[in-house]
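Coordinate analysis (summary)
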Amino acid sequence: MTPQPDRAARLRAVVDRDGNTCVWCGRAFGPLLLPTTEHVVPRLKGGPSWLENEVAACRRCNSERGHRSPVDWLEECRRRGWQPDGARLGRALVALDEAMAVRGGQRRARPYLDGQLRRLQRRSAA
Ligand SMILES: [Zn+2]
């Protein structure tokens, strides 16, 4: 596979790709609200440091999510009355699924990602 750009370059690419807002609360990034790298599948669960596994979140949302799964945290953000970008999360999960299919490996992240995709699909079907 082609080497991934470094972390700062990946974060810029993620903001260019997804827009200049936090995926979880919808607030716009700026000098007082800096973007941080959020791993869709946490690294603890084997999530790779690939663009396809990364979205941008503000520091508050990133740290408050902790080790919650992305779909659990999406639901919690909605309960809190925030404006999480569920469509963006869905696109990220699908892009990661496709990248894993092409590149192979990621045996730890695979079942975790499958579970998240199923939950998100059930939600949108309901
Ligand atoms: Zn946020």
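Everything numeric in this text was worked out from a predicted model, so none of it was measured.

Cut-offs and rules
- Residues numbered from 1 in each chain as written.
- Predicted model: local features only at pLDDT ≥ 70, side-chain atom pairs only at ≥ 80, totals over all residues.
- Heavy atoms only, no water.
- Salt bridge = Lys/Arg side-chain N within 4 Å of Asp/Glu carboxyl O.
- Helix = DSSP H or I, 4+ residues; strand = E, 2+ residues; numbered from the N terminus.
- Buried < 20%, exposed > 50% of the residue type's maximum accessible area, 1.4 Å probe, protein only.
- pLDDT = per-residue confidence, 0-100.
- Core = buried A, V, L, I, M, F, W, Y, C linked by side-chain atoms within 4.5 Å.
- Donors = N, O, S within 2.8 Å, 3.2 Å for Na, K, Ca; no water.
- Tetrahedral: all angles 85-135°; square planar, octahedral: opposite > 155°, others 65-115°.
- Polar contact = N/O pair within 3.5 Å; in protein donor to acceptor, adjacent residues only side chain to side chain.
- Contact = heavy atoms within 4.5 Å.

Examining the pattern of salt bridges
Following the criterion strictly, the structure yields 12 salt bridges and no others. Notably, a salt bridge pairs glutamate 38 with arginine 65, separated by 3.5 Å at the nearest N-O pair. Remark: arginine 65 occurs in helix α2 (residues 59-65) and glutamate 38 occurs in strand β1 (residues 35-39); sequence separation between them is 27 residues. Neither glutamate 38 nor arginine 65 differs from the other in exposure class; each is buried.

A closer look at the confidence of the model for the protein chain
Taken over all residues, the pLDDT of the protein chain has a mean of 94, while the share at 70 or more is 96%. Within the protein chain, strand β2 (residues 54-58) carries the highest mean pLDDT (98), whereas helix α5 (residues 109-125) carries the lowest (90).

Section: the nonpolar core
Grouped together as the largest cluster of nonpolar side chains are 33 residues, with contacts concentrated most on Cys22, Trp24, Cys58, Cys61, Leu93 and Leu113. Elements that contribute at least two residues to this core include exactly α1 (7-18), β2, α3 (70-79), α4 (86-103) and α5. Tallying contributions element by element places α4 first for this core, with 6 residues.

A word on the coordination of the zinc ion
Protein-derived coordination of the zinc ion comes from Cys22 (SG), Cys25 (SG), Cys58 (SG) and Cys61 (SG), at a distance range of 2.3 to 2.4 Å. Around the zinc ion sit 4 donor atoms; with metal-centred angles ranging over 99 to 117 degrees, the donor geometry is tetrahedral. We classify cysteine 22 as buried; its relative accessible area is 1%.

Re the side chain of glutamate 54
If you trace the backbone, glutamate 54 turns up in strand β2. Within the structure, glutamate 54 has its side chain in polar contact with the side chain of arginine 10 (distance 2.8 Å). Apart from residues lying up to four places away in sequence, glutamate 54 is in contact with Arg10, Val14, Arg17, Thr37, Glu38, His39, Val40 and Ser49.

Description of the environment of aspartate 6
Structurally, aspartate 6 is set in the segment before α1. We classify aspartate 6 as exposed; its relative accessible area is 53%. Between the alpha carbons of aspartate 6 and aspartate 114 there is a distance of 27 Å; along the sequence they are 108 residues apart. At a separation of 2.9 Å, a polar atom in the side chain of aspartate 6 contacts the main-chain amide nitrogen of alanine 9.

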